[in-house]
Amino acid sequence: MSWFEALILGIVQGLTEFLPVSSSGHLEIGQELLDTSLGEANLTFAVIVHAATVLSTLVILWYEVVRLFKGTFTTLKWNVEKDYVAKILVSMIPVFIVGIFFKDQVEQFFGHGLLLVGICLLVTAALLAFSEWLQKRRNGAGHEVGYKDAIIIGIAQACAVLPGLSRSGTTIATGLLCGVRKESVAQFSFLMVLIPIMGEALLDMIKIFQGGEVIEEIGMAPAVIGFIAAFVTGCFACRFMIEIVRRQRLVWFALYCAIVGSITIISHFC
């Protein structure tokens, strides 16, 4: 992978992470178009740039993160902040199970063509469209995230490890299907990913700095450039896109995913 290819893929990741269009799917498409398939190392590069966008989430949502941190650790009393953090921890259980027991199986889905990506993009489109339709029937009414909602949304996040199945789109749509307000589920969706992705990224970063097969396949310079590109564009996208995800109609994202998914599937057979 050249530094320029890493730069392009980092920008793609940063711009698509906060929209319900699947950043992992766009990374797979980008790698296919740039012909930078690295086999199993694809997943490691994806984790690196995902970590960068999670860091950008910390920067942009710093006030909310600090508020939750202070409310959790500065008092022994059970409060709103502790309750919210507990829901985030509950939502992490499914993806933790997948990461511990099924990581090898998940890695096999990456770097093997675009058919799966296209199919998962169509699934993302269907989820977004259906959740938008259901929300209209409810006239926008909804409740705050509860513990049952958190575990269901967490299961959706665990399923969204597949390339092309948007994590934000899947979790937001699932939350809406559970009856959670769009504003509440949008913020919860962005915050719940912080610990799992940072933990996974830390393990992969250790592998990179220790050298070996991963660093030989990706290269230290492309890895660093991809990280920086994803972080900078992620900060920009997070600031301007969170409100879009919260307030705009998801059907437009569904339409985009349907078009890109269809093109991807057609290109696979052509």
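Bear in mind the structure is a predicted one, so any value in this text is a computation, not a measurement.

### Remarks on the packing of aromatic side chains
All chains considered together, the criterion is met by 3 aromatic pairs. Measuring from centroid to centroid gives 4.8 Å for Phe 69 and Phe 73, while their planes differ by 45°, and the two rings are tilted. Here the residue Phe 69 and the residue Phe 73 both occupy positions in helix H4 (residues 62-73), the gap between them amounting to 4 residues, near one helical turn. For Phe 69, a relative accessible area of 54% puts it in the exposed group. Owing to a relative accessible area of 62%, Phe 73 belongs among the exposed residues under this scheme.

### Quick word on the side chain of Thr 264
Tracing the chain through its elements places Thr 264 in helix H14 (residues 251-269). You can call Thr 264 buried: its relative accessible area is 5%. Within the structure, Thr 264 has its side chain in polar contact with the backbone oxygen of Val 260 (distance 2.7 Å). Dropping the residues within four chain positions of it, Thr 264 is found in contact with Ile 29, Leu 114, Gly 118 and Leu 121.

Basis of the calculations
Just so you know, the residues in each chain are numbered from 1, in the order the chain's sequence is written. Only residues with pLDDT of at least 70 are given local features in this predicted model, and only at 80 or more are side-chain atom pairs given and counted; all residues enter the totals for whole chains, interfaces and linings. With hydrogens and water stripped out, all remaining heavy atoms of the structure feed into the side-chain values. Between the rings of Phe, Tyr and Trp (Trp by its six-membered ring), a pair exists once the centres lie within 6.5 Å; its type follows the angle of the planes, with under 30 degrees stacked, over 60 edge-to-face, and the other angles tilted. A run of DSSP states H or I qualifies as a helix once it reaches four residues; a run of E qualifies as a strand once it reaches two. Both are numbered from the N-terminal end. Buried, partly exposed and exposed residues are distinguished by accessible area as a fraction of the type maximum, computed with a 1.4 Å probe on protein chains only: under 20%, between the cut-offs, and over 50%, respectively. Distance and chemistry together define a polar contact, namely a pair of N or O atoms within 3.5 Å, with one atom able to donate a hydrogen and the other to accept it when in protein, and with adjacent residues in sequence counting only for side-chain atoms on both sides. When checking whether two residues touch, look at their non-hydrogen atoms; a contact exists if any pair is within 4.5 Å.

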